[in-house]
Amino acid sequence: MGFDARFLGLHAAMPTVPESDAAASVGLDYLHFTVVLDTRRRLARITGVNVDGAALVDVERGDDWRFDARVPEHWQTGPDVYARNDLDRGHLVRRRDPVWGPPEVARRANADTFRYPNAAPQQAEFNQSLELWNGLEDHVLEYARVHAQRLSVFTAPVLAVGDPPYRGIRVPLRFVKVVAWRSGDELATAGFVLDQSPVLDLSEAARAEQAERERRRLADGAVAVPDLGPFRTFQVPVASVAALTGLVMPVLVEADRMARAGAIPPGEAPVGTGVDADAWREVSRPEELMLGP
């Protein structure tokens, strides 16, 4: 029950919230994964799932999103945020990841992923970068030397102060993922960011028009969906994930394969990240992932 830090045969614990945020954080264990809920933002602060790639089971997807009855509904971002708009309930723990083991266990794990603490609002428009993001676990299994086909995956929205307000919450503009696996007797990790910020490389007139739309949206009570840009996926140092989220993860940072793979071309990160921007590397194909040596 819940995330197992020893699942890989060596210690790879979930990132933790700093002491200053502990009182507003609630850990929720599900089958093969855990969600740490930020009760102030009503969204997950971090999730962790154990993936047994050799034992994954195909079950009927379903789409029965429910509140988690263990915590008050007003701590969760529920159906009202997703109604009558183009926002999707984006799974944080990917639906397929915990669905392994005996059929009855797999079906229960599948149902557990449809709990609102495991969702975050994402733009509904599909593109290639989102396809890459959703398949990162599969690509790591394929391209890295993964011991026993097992992964531990940590995913979260970046809960930034400047996220745009909407229907009583703030919509995250970035999401992070750290994938951990065992390579020989060592822990290996890779960090990623999914960015749905409004496109920044616009003309001055287009930026002014975008700013005016946001001003009007806020003046109207933030009842319209904020501007969201096309999804872009970046591989980033795990240290950047820690800095963006404010989470504590020294073991995962130390095991980062991107740091071992050599220098990263500068200037490939979105403007305004505030953390090691020159080390961000936009990726659009699995072959571009840096997972070795």
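Residues numbered from 1 in each chain as written. Predicted model: local features only at pLDDT ≥ 70, side-chain atom pairs only at ≥ 80, totals over all residues. Heavy atoms only, no water.

## Some remarks on the overall build of the chain
Note the following rule: Segments assigned H or I by DSSP are reported as helices when at least four residues long, segments assigned E as strands when at least two residues long, and all are numbered from the N terminus. Exposure is judged per residue with a 1.4 Å probe applied to protein chains only, and the accessible area is read against the type maximum: over 50% gives exposed, under 20% gives buried, and values in between give partly exposed. Whether two residues are in contact is decided by their heavy atoms: any pair within 4.5 Å suffices. Residue burial considers only the protein chains on display, and all accessible areas are found by Shrake-Rupley using a 1.4 Å probe.
A count of helices and strands for the chain gives eight helices and 12 strands. Of all 293 residues assigned to the chain, the portion counted as buried reaches 54%. Sequence-distant contacts in the chain: of pairs separated by 6 or more residues, those separated by 24 or more amount to 73%. Carbon together with sulfur atoms contributes 51% to the accessible area of the chain, which is approximately 13100 Å² in total.

## A look at the pairing of strand 5 (residues 119-123)
Under the convention used in this document: In this analysis, strands are considered paired if DSSP registers two or more bridges between them.
Counting buried residues along strand 5, five of its five residues qualify, which places the element largely inside the surrounding structure. Of the pairings in the sheet, the one linking strand 4 (residues 87-91) to strand 5 comprises five bridges and is antiparallel in character. By the bridge assignment, Asp88 is partnered in strand 5 with Gln122.

## As for the environment of Gly168
Within the element layout of this structure, Gly168 appears in the loop between strand 7 (165-166) and strand 8 (169-170). The spatial distance from the C-alpha of Gly168 to the C-alpha of Thr77 is 9.0 Å, given a sequence separation of 91 residues.

## Some words on the confidence of the model for the chain
Reading predicted coordinates in detail is not appropriate for stretches of low pLDDT. Selection criterion: Summary of the metric used: pLDDT quantifies the predictor's per-residue confidence within the range 0 to 100.
When pLDDT is averaged along the chain, the result is 87, and 86% of the positions lie at 70 or above. Below a pLDDT of 50 lies the segment residues 263-274, which in the model reaches 28 contacts outside its immediate sequence neighbourhood of four places, other chains included.

## Section: the sheet that holds strand 10 (residues 186-195)
To keep it simple, the criterion reads: Every angle, taken between N-to-C directions, lies between 0 and 180 degrees, and every axis is a line fitted to C-alpha atoms, over only the stretch in contact when it is a helix.
Read from one edge to the other, the open sheet built from eight strands follows the order 1-2-3-6-9-10-11-12, with strand pairing classed as antiparallel. Of all the strands in the sheet, just strand 1 (25-30) and strand 12 (281-282) have a single pairing partner and so form its edges. With five bridges joining them, strand 10 and strand 11 (residues 232-236) adopt antiparallel strand pairing. Residue pairing for strand 11: Leu194 is matched across the bridge by Thr233. Lying over the sheet, helix 6 (residues 238-245) contacts strand 3 (43-52), strand 9 (174-183), strand 10 and strand 11, oriented at roughly 55° with respect to strand 10.

## Concerning the side chain of Gln122
By secondary structure assignment, the location of Gln122 is in strand 5. For Gln122, a relative accessible area of 9% translates into the label buried. Non-local contacts of Gln122, meaning those with residues more than four positions away in its chain, are made with Asp86, Leu87, Asp88, Gly90, Phe175, Leu194, Gln196 and Phe231.

## Quick notes on the pairing of strand 3
Counting buried residues along strand 3, 10 of its 10 residues qualify, which places the element largely inside the surrounding structure. Between strand 2 (residues 33-38) and the antiparallel strand that follows it, strand 3, lie four residues; Arg42 among them carries a positive phi value of about 65°. In terms of strand pairing, strand 3 meets strand 6 (residues 150-157) through six bridges, oriented antiparallel. Across the sheet, residue Val49 finds its bridge partner in strand 6, namely Val153.

## Looking at the packing of aromatic side chains
Stated formally: Any two rings among Phe, Tyr and Trp, with Trp reduced to its six-membered ring, count as a pair given centres within 6.5 Å; such a pair is stacked if its planes are under 30 degrees apart, edge-to-face if over 60, and tilted if neither.
Taken as a whole and judged by the stated rule, the model has eight aromatic pairs. Each ring, one from Trp65 and one from Phe114, has its centre 5.2 Å from the other, and the planes form 70°; the classification is edge-to-face. On the criterion of sequence distance, the pair formed by Trp65 in the loop between strand 3 and helix 1 (79-82) and Phe114 in the loop between helix 2 (103-112) and strand 5 is long-range, its members being 49 residues apart. Judged on exposure class, the residue Trp65 and its partner Phe114 are both buried.

## A word on helix 6
The buried fraction of helix 6 is high, at six of eight residues. Lining the buried residues of helix 6 we find strand 3, strand 9, strand 10, strand 11 and helix 7 (250-254). Following helix 6 by one or two positions, Gly246 adopts a phi angle in the positive range, close to 75°.

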